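# Inside the fold
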Amino acid sequence: MQVTDPETVATYYQALIDRNPRFVGIFFVGVKTTSICCIATCRARKPKRENVVFYTTFKEALDAGYRPCKVCRPTENANEAPSQVQHAISLVRNNPKRKVTDWQLKQHKISPEGVRRWFKKHYGMTFHTFQRMYRINNALEELKSGKTATTTAYEAGYNSLSGFGYTYKKIIGQSPKNNNTMQNNVIVINRFTTPLGPMFVCATEQGVCLLEFVDRRMLETEFKDLQRLKKATIIAGENGYTQQAQREINEYFSGKRQIFDVKLDTPGTAFQQSVWQCLQTIPYGQTASYQQQAEKLNKPKAVRAVASANGHNRIAIIIPCHRVIGKDGKLVGYAGGLERKQWLLEHEQKFAAAQ
Ligand SMILES: [Zn+2]
């Protein structure tokens, strides 16, 4: 939880100034100016009070976009990590753009299962999720720092986007091809918070093309697919569509909106498009099974293909894949997590009933 009680914030800030070891693991402090997350004893220069945010867990700081500090190393030091875990984290830190695989861990005589267990226990996330968040927060920060130059080119009509290969390279690990169409298109990305955690919203000039919780599985694959399908580069920023989506999502969470108006841009196969269209016909507050969806599409045998297209939906909530449940009424897979799916369905049922 983000700590908002003024007295607690004052106590924590004093502990931060005093480098008080009793507060290690009690709070994680995000420094807004640098997007770095620290523990109380950090030796780095202390930030001004107006520039800090306190969280009670490390995961929340990471979810809010902060990266672990290289000086105080919150991951290793907040809950004394065994040497194998420390080693694994140092591999991530030294390769911030690449995934550290189980095979690589084993090469370093580290047990992948041990590392996974430790992360689950202390931070409520897998090592895999930790790595992904670390990479994404890093990439986003780089996109943000390139924003001034980017915005300039953006406003100049995208004529000189050649310098932006570097951000692309950093987010997906390879240079865009040297052709003009590739570099003429731009996808803007922004993050905002919701009661279920922060989300990314992306939009092209045609509409919203992605809306996902920041810890969603396969998020980097979605970024990669979008850039390929739209022949575009992702840059940090907003446009009218991202702003409209944020506004509508806020209204949805406060129970004031059941139908979305924002325009969508959903590149995909014709079949995927039809499945995504069909999802949008499931009314607010109701659910359907994959089988029912397949029948609605006149493809009663294509249940698995329907499920797969559902899984490829990049626009959470607005294209309501959370309204699809198993045949027996059970909740089934949701890339944003089953707890969120349950929450969304209950939320909708509450407000649909009130109508
Ligand atoms: Zn620090």
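Computed from a prediction, not measured in an experiment: that's the story for all the values here. (Residues numbered from 1 in each chain as written. Predicted model: local features only at pLDDT ≥ 70, side-chain atom pairs only at ≥ 80, totals over all residues. Heavy atoms only, no water.)

Right, let's get into the packing of helix α13 (residues 270-279) against helix α15 (residues 303-311). Contact pair α13 / α15: the axes reach a minimum separation of 9 Å and the direction vectors enclose 80°. As judged from the angle between their axes, α13 and α15 are roughly perpendicular. Between α13 and α15, the residues in contact are Phe 271, Gln 272, Val 275, Trp 276 and Leu 279 and Ala 305, Val 306, Ala 309 and Asn 310, respectively. Within the contact of α13 with α15, the residues separate by chemical class into seven nonpolar, two polar and no charged. (Axes fitted to C-alpha atoms, helices over the stretch in contact; angles between N-to-C directions. Helix = DSSP H or I, 4+ residues; strand = E, 2+ residues; numbered from the N terminus. Parallel < 35°, antiparallel > 145°, perpendicular 65-115°, else oblique. Contact = heavy atoms within 4.5 Å. Nonpolar A, V, L, I, M, F, W, Y, C, P; charged D, E, K, R; others polar.)

Turning our eyes to something else, we now look at the sheet that holds strand β2 (residues 36-38). Strands sit in the order β3-β1-β2-β4 across an open sheet of four strands; the sheet is mixed. Either end of the sheet is taken by a strand with one partner, and the two such strands are β3 (52-55) and β4 (67-68). In this sheet, β2 lies alongside strand β1 (residues 28-31) in antiparallel orientation, the contact comprising three bridges. The partner of Val 29 across the bridge, within β2, is Cys 38. (Pairing = 2+ DSSP bridges.)

Our next topic: the nonpolar core. Ranked by size, the top nonpolar core spans 58 residues in total, and within it Phe 27, Phe 54, Phe 119, Phe 130 and Phe 200 carry the most contacts. When residues in this core are grouped by element, the largest group, six residues, is from helix α7 (residues 127-145). Aside from chain neighbours lying at most four places away, what touches Phe 54 is Met 1, Gln 2, Val 3, Val 9, Tyr 12, Tyr 13, Phe 27, Phe 28 and Val 29. Counting 34 residues, the second largest nonpolar core, distinct from the first, contains Val 201, Phe 213, Ile 249 and Ala 294. (Core = buried A, V, L, I, M, F, W, Y, C linked by side-chain atoms within 4.5 Å. Buried < 20%, exposed > 50% of the residue type's maximum accessible area, 1.4 Å probe, protein only.)

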